[in-house]
Amino acid sequence: MQDQKDGRENLAASAPGAPARASDTAFPLYQVVKQQITDAILLGHWPAGTVLPNEIALANRFGVAVGTLRRALADLTQEGLLSRRRKTGTVVTGRTPQHSLRFLFRYFRLHGADGALQESRSINLSLERGLATPEEREGLALAEGGEVIRFRRLRSVADKPVMLDLFVFPAHRVPGFASRPEEAPPLLYQHLLDRYGIRIAAVREKISAELAGETVGAALEIAATAPVLMIEEIAYDQANAPMILALHHATTANHRYINEIR
């Protein structure tokens, strides 16, 4: 009982303080609450074993109805972040969440060697428009002469570069998109949904390993002959049309790519 009491006290000290508001997002209010709880768990503010307060107390903290809070908890339980236990209540499991697009929207795909989510910082390196190459035309189902936007960024953990990203997408589908790297959105998939109504509904990944080479090695501050993880990705919209071609190169000396399917 003392452990449960301590867990609740720790939760009260670290829980998100701002009430959830539907006006802050395009998503329903229960999803706003769900996202705030997810953030607290995945970023380590609510560690494994933390016992959540009862539903009424937690709903009051978030400033929502109990039914709204209950729906958020049910989703998180289904996704594996929470567990309902008799005589204990709702407990943070410490499990890696199942691989879903909701986590691709917001979270770094590499975890620490111990499985813990890593807080990362991204730097936008370049943003350019140009004619699609034959490979890009084929991958994005574009006609000859179609233009694409190429967006490169570098992700760092603890000030060490760990992943180099390249995103390529059709220019005609995103009118008014940023023209300079510093203007590019930090959450690309979320930006496509919020501004253009383009929902990424499926992602196909091909994973392999290769030597870094000069360009990737310089960006990741490793030798050109060092091995890196390469992730080739095609993201499809709600109409099953290819929307993004992405190429990720990542170091794995201290990180792991985790994909949990249930």
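### With respect to the overall build of the chain
Moving on, step 1. Looking only at helices and strands, the chain has 8 helices and 10 strands in total.
Moving on, step 2. Long-range pairs, those at least 24 residues apart, make up 60% of the contacts in the chain with a sequence separation of at least 6.
Moving on, step 3. With the model as given, the accessible surface of the chain reaches about 13,500 Å², and the carbon-plus-sulfur share is 51%.

### Thoughts on the sheet that holds strand S6 (residues 160-170)
Moving on, step 1. The strand order S4-S5-S6-S9-S8-S7 describes an open sheet built from 6 strands, whose pairing is antiparallel. Edge positions in the sheet fall to strand S4 (121-131) and strand S7 (200-211), since each of these pairs with one other strand and no more. Within this sheet the neighbouring strands show an average axis-to-axis angle of 15°, counted without direction.
Moving on, step 2. Bridge analysis of S6 against strand S9 (residues 242-250) gives 6 bridges, and the strand direction is antiparallel. Bridge assignment links Leu 166 to a residue of S9, and that residue is Leu 247.

### Re the confidence of the model for the chain
Moving on, step 1. A residue-level look at the chain finds 82% of positions with pLDDT of 70 or above and a mean pLDDT of 84.
Moving on, step 2. Between residues 21-25, whose pLDDT stays under 50, and residues either more than four places distant or in other chains, the model counts 5 contacts.

### Remarks on unusual backbone geometry
Moving on, step 1. Positive phi values are uncommon outside glycine, yet Asp 159 reaches one of about 65°.
Moving on, step 2. Among the secondary structure elements, Asp 159 is positioned in the loop between strand S5 (147-157) and S6.
Moving on, step 3. Residues other than glycine seldom take positive phi values, yet Glu 221 does so here, at roughly 60°.
Moving on, step 4. Turning to its location among the elements, Glu 221 is positioned in the loop between helix H8 (213-220) and strand S8 (227-237).
Moving on, step 5. Judged by its relative accessible area of 63%, Glu 221 falls in the exposed class.

### Observations concerning the packing of aromatic side chains
The geometry of two aromatic rings is summed up by the distance between their centres and the angle between their planes.
Moving on, step 1. On inspection of all chains with the given rule, the structure shows 2 aromatic pairs.
Moving on, step 2. Aromatic side chains Phe 169 and Phe 177 sit 5.2 Å apart centroid to centroid with 75° between the ring planes, which places their arrangement in the edge-to-face category. When sorted by exposure, Phe 169 lands in the same class as Phe 177, which is buried.

### Some remarks on the nonpolar core
Moving on, step 1. In terms of nonpolar packing, the biggest core is built from 20 residues, with Phe 169, Val 174, Phe 177, Leu 188, Leu 192, Met 243 and Ile 244 touching the most fellow members.
Moving on, step 2. Among the elements that line this core, the one with the most residues is helix H7 (residues 188-196), at 4 residues.
Moving on, step 3. In this structure, Ile 37, Ala 40, Val 64 and Leu 73 belong to the second largest nonpolar core, which totals 18 residues.

### What about the packing of helix H2 (residues 29-42) against helix H4 (residues 66-79)?
Moving on, step 1. At a minimum axis separation of 8 Å, H2 and H4 run at an interaxial angle of 50°. Looking at the two axes, H2 sits oblique to H4. With respect to the hand of their crossing, H2 and H4 are arranged in right-handed fashion. Between H2 and H4, the contacting residues are Leu 29, Tyr 30, Val 33, Lys 34, Ile 37 and Thr 38 on the first element and Thr 68, Leu 69, Arg 71, Ala 72, Leu 73, Asp 75, Leu 76 and Glu 79 on the second.
Moving on, step 2. Per-class residue counts for the contact of H2 with H4 are 8 nonpolar, 2 polar and 4 charged.

Basis of the calculations
- Residues numbered from 1 in each chain as written.
- Predicted model: local features only at pLDDT ≥ 70, side-chain atom pairs only at ≥ 80, totals over all residues.
- Heavy atoms only, no water.
- Helix = DSSP H or I, 4+ residues; strand = E, 2+ residues; numbered from the N terminus.
- Contact = heavy atoms within 4.5 Å.
- Areas by Shrake-Rupley, 256 points an atom, 1.4 Å probe, with all protein chains shown as cover.
- Pairing = 2+ DSSP bridges.
- Axes fitted to C-alpha atoms, helices over the stretch in contact; angles between N-to-C directions.
- pLDDT = per-residue confidence, 0-100.
- Buried < 20%, exposed > 50% of the residue type's maximum accessible area, 1.4 Å probe, protein only.
- Phe/Tyr/Trp six-rings, centres within 6.5 Å; stacked < 30°, edge-to-face > 60°.
- Core = buried A, V, L, I, M, F, W, Y, C linked by side-chain atoms within 4.5 Å.
- Parallel < 35°, antiparallel > 145°, perpendicular 65-115°, else oblique.
- Left-handed = near helix turned anticlockwise from the far one by under 90°.
- Nonpolar A, V, L, I, M, F, W, Y, C, P; charged D, E, K, R; others polar.

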